[in-house]
Amino acid sequence: MLRVKDLESGYGPMQVLWKPSLQTKKGAITSLLGPNGVGKSTFLSTVFGSVKPWGGSIYYEEKDVTYMPTHKKVEMGLALVPEGKHLFPEMNVYENLVMGAYVKKASRHREESLALVYSLFPVLKERSGQLAGSLSGGEQQMVTVGRALMTKPQLIMLDEPSQGLAPLLVQEVFRTIQKMKEEIGLTVLLIEQNADASLSAADFVYIMHEGRIKAKGSPEEIKGSPEIREAYLGI
Amino acid sequence: MIGIQLAGNLTQGLILGGVYGMATMGLSLIFGVLGVVNVGHGAFIMIGAFTTLLLFTQLGLSPIIAIPVALVIGMALGFFFYYTVIIRLTEAPELASLLATFAIGTLLEESVKFTIGTEFRGYNWDVGKISLHITTLPMSKIYAFVGSILIALLLYLWFSKTRAGTAVRAVMQDRKGAGVCGVNVNWIYALSFAIGIGLTVTSGVLLTMFIPVGINPYMGGAYTLKAFVIAVLGGLASPYGAFFGGLIFGLIENGTYTLFALVPSLEPFAMTRFLSFLILLLILLIKPTGLLRAK
């Protein structure tokens, strides 16, 4: 579904990505694992288009989208749940969610998407009139995920969704990711530092280190290799 | 006697304040969306003033017709300067955008000076006046006030009801979040800049309806200063805040005029500029986020 090959990018003179390649399988959860600061977020930002690629290629549904602007990618069904939430603090929960249905294709499915988000996160329906800035961290994360679902995506990319959440909420986040795959039929690209949780959720795992893919395989293969676990995951 | 004079001046102040407010909305919109402080603000007001003057004196067209003409000219200038200059500066350090907008302002002033000259001009648009018990108001001032309120209201409706307006609000509140929703942030930048400049040039029309004299290439400087004070009063990044900031500023300016006039050997008009700075200083010291900002 998504095919990234030899991607290069960075900030100013500093190169962050050194030709990592990655593929997601339709209807599966693919996880990109690695500690902080190895380029995982830059990878997602480059795929999404908020950071310009320097080289390499990005194919989505067999189309070359390497230099396609972000808003067109959203229209094609690519969604991002960014790190740090990025909600609209002065809009209420409902307005935040509806903002997710901004692109034309998504706006046609607005009501059904909204019903889906409320069924996934019933608490958001109760909070719908409340300003996003006044919600708890966990609820804000739900709005961020809900807003991404409102764009009517086929591929949803999540940037460290469990970061900063209490362990119980982390479980909740991973349960939701499972539901996205099983009940909604989404393809998921998940970026995480939380190795344990994402190894148990993912169907396929890539491990990133210093801007390069150092290992890949099924979760069982990764778990079964003490070298990989020790060198890159510290577990 | 003083009471009546004060009430009269406050009425004038409220009306001028509405025009001031409208004249600041463009500045706040541009700052709120792009984070660019338009130091050339006053030059665009000057363009609006000359648009009114030329349409009136050369073609005999009423300043009311100048309003939509100025809006179109302003938006065209806005798009032009966005795609030639500002587009390179949205990620640049503030100093770069300050210098660039200053340069744009100077370019406009000098172009007008070169083509039209530096003498002070004015026009006389007589559409009658109404006498209130406390003061006499020319109808042109009332039109300016009504025009300001209508434009502010239209902007409010555009912001809250339209798809593009909602996208502008989203970009103001979180640019990255808006990008995630599929908003074409660059287009929203261009549109906001164009609307901001369009509003500013239009406010030049309304200001000359209030003060139809003193039109010259360098008239904008005083308005830039006032607009900054008003924008800070209203919370800098909020166009509605700016409108109400303008009302308050107009009231203060005209109200204190009456009071300064009571002090012998004080030239009250000269004091109003001093007062602008004083207000700016006080707000920055006491409540730098702006008086009208909720947070």
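Residues numbered from 1 in each chain as written. Chains lettered and ligands numbered in written order. Predicted model: local features only at pLDDT ≥ 70, side-chain atom pairs only at ≥ 80, totals over all residues. Heavy atoms only, no water.

## Things to note about the overall build of chain A
Note the cut-off: Counting from the N terminus, the helices are DSSP H or I runs at least four residues long and the strands are E runs at least two residues long. We compute the radius of gyration from the C-alpha atoms alone; for a globule the expected value is 2.2 Å times N to the 0.38, where N is the number of residues. Burial classes follow relative accessibility: with a 1.4 Å probe on protein chains only, a residue under 20% of its type's maximum area counts as buried, one over 50% as exposed, and anything between as partly exposed. Any two residues whose heavy atoms approach within 4.5 Å are treated as being in contact. Residue burial considers only the protein chains on display, and all accessible areas are found by Shrake-Rupley using a 1.4 Å probe. His is not counted, nor are the chain ends; Lys and Arg add positive charge and Asp and Glu add negative charge. Charge positions come from single atoms, namely NZ of Lys, CZ of Arg, CG of Asp or CD of Glu.
Scanning chain A from terminus to terminus reveals eleven helices and eleven strands. Computed over C-alpha atoms, the radius of gyration of chain A comes to 17 Å, within 12% of the 18 Å expected from 2.2 N^0.38 for 235 residues, which places it in the range of a compact globule. Overall, the C-alpha framework of chain A stretches about 50 × 40 × 30 Å when taken along its three principal axes. For chain A, the proportion of its 235 residues judged to be buried stands at 54%. Expressed as a percentage of contacts within chain A between residues at least 6 apart in sequence, the contacts between residues at least 24 apart total 69%. Of the roughly 10200 Å² of accessible surface on chain A, 51% is carried by carbon and sulfur atoms. Averaging the coordinates of the 27 positive side-chain charges in chain A and doing the same for the 26 negative ones gives two points 5 Å apart.

## Focus on the pairing of strand S7 (residues 78-81) of chain A
The side chains of a regular strand alternate, first on one face of the sheet and then on the other. Residues and elements named next belong to chain A. Just so we agree on the cut-off: Paired strands, as defined in this entry, are two strands with at least two bridges between them according to DSSP.
Side chains Leu78 and Leu80 of S7 all project onto a buried face; the interleaved residues Ala79 and Val81 project onto the opposite face, where all are buried too. Across four bridges, the pairing between S7 and strand S8 (residues 155-159) is parallel. Its bridge partner lying in S8, Leu78 is registered against Leu155.

## Observations concerning the domain arrangement of chain A
Residues and elements named next belong to chain A. We apply this condition: The start and end points of each domain follow an automatic or database-based domain assignment. Here's the idea: put two parts together, see how much 1.4 Å probe accessible area each one loses, and the total over both is what we call buried area. Salt bridge, as used here: a side-chain nitrogen of Lys or Arg that lies within 4 Å of a carboxyl oxygen of Asp or Glu. In the analysis that follows, any N or O atom pair within 3.5 Å is treated as a polar contact, provided that within protein one partner can donate a hydrogen and the other can accept it, and provided that, for residues neighboring in sequence, both atoms belong to side chains. When residue character is reported, Ala, Val, Leu, Ile, Met, Phe, Trp, Tyr, Cys and Pro are called nonpolar, Asp, Glu, Lys and Arg charged, and the others, Gly included, polar.
Under the domain assignment used here, chain A contains domain 1 (2-77 + 154-233) and domain 2 (85-151). Placing the centre of domain 1 and that of domain 2 at their C-alpha centroids yields a distance of 23 Å. Taken residue by residue, the interface counts 16 residues in domain 1 and 13 residues in domain 2. Carbon and sulfur atoms make up 73% of the area that domain 1 and domain 2 hide from each other, which totals about 1100 Å². Counting the contacts that link domain 1 with domain 2 gives zero salt bridges. If you look at where domain 1 meets domain 2, you find two residue pairs in polar contact (both at pLDDT 80 or more). Put simply, the parts of the chain that give the side of domain 1 that touches domain 2 at least two residues each are helix H2 (70-76), S8 and helix H8 (167-182). Its residues placed into classes, the side of domain 1 that touches domain 2 shows ten nonpolar, four polar and two charged.

## Side note on the packing of helix H1 (residues 2-34) of chain B against helix H5 (residues 139-161) of chain B
All names here are of chain B. Short version of the rule: A fitted line through C-alpha atoms serves as each axis, taken over the contacting stretch for helices, and the angle formed by two N-to-C directions is quoted from 0 to 180°. Helix crossings get a hand from a simple test, with the near helix turned counterclockwise from the far one by less than a right angle marking a left-handed crossing and a clockwise turn marking a right-handed one.
Put simply, H1 and H5 touch, their axes get as near as 9 Å, and they point 35 degrees apart. Where H1 crosses over H5, the handedness of that crossing is left-handed. Along its contact with H1, which presents Gln12, Leu14, Ile15, Gly18, Val19, Met22, Met25 and Leu29, the element H5 presents Lys141, Ala144, Phe145, Ser148, Ile151, Ala152, Leu155 and Phe159. For the contact of H1 with H5, a count of residues per class yields twelve nonpolar, three polar and one charged.

## Here's the deal with the interface of chain B and chain A
With 18 residues of chain B at the contact, the number on the chain A side is 20 residues. For the pair chain B and chain A, the summed buried surface comes to about 1800 Å²; carbon and sulfur atoms form 60% of the total. Scanning the region where chain B abuts chain A turns up five residue pairs in polar contact (both at pLDDT 80 or more). Secondary structure elements with two or more residues in the side of chain B that touches chain A: helix H6 (163-173) and helix H7 (175-180) of chain B. When residues of the side of chain B that touches chain A are assigned to their parent elements, the largest contribution, six residues, is made by H6 of chain B. Of the residues assigned to the side of chain B that touches chain A, the class counts are six nonpolar, six polar and six charged.

## Observations concerning the side chain of Arg147 of chain A
Among the secondary structure elements, Arg147 of chain A is positioned in helix H7 (residues 137-150). Sequence-distant contacts of Arg147 of chain A, that is, excluding residues within four places in its chain, are made with Pro82, Lys85, His86, Leu87, Phe88, Asn96, Leu97 and Gly100 of chain A together with Gly177, Val180 and Cys181 of chain B.

## Looking at the confidence of the model for chain B
Definition in use: pLDDT runs from 0 to 100 and stands for how confident the predictor is about each residue.
On average, residues of chain B score 90 in pLDDT, and 98% of them are at 70 or above. Here helix H11 (residues 268-286) of chain B is the element of chain B with the lowest mean pLDDT, 80, and helix H3 (residues 63-84) of chain B is the one with the highest, 97.

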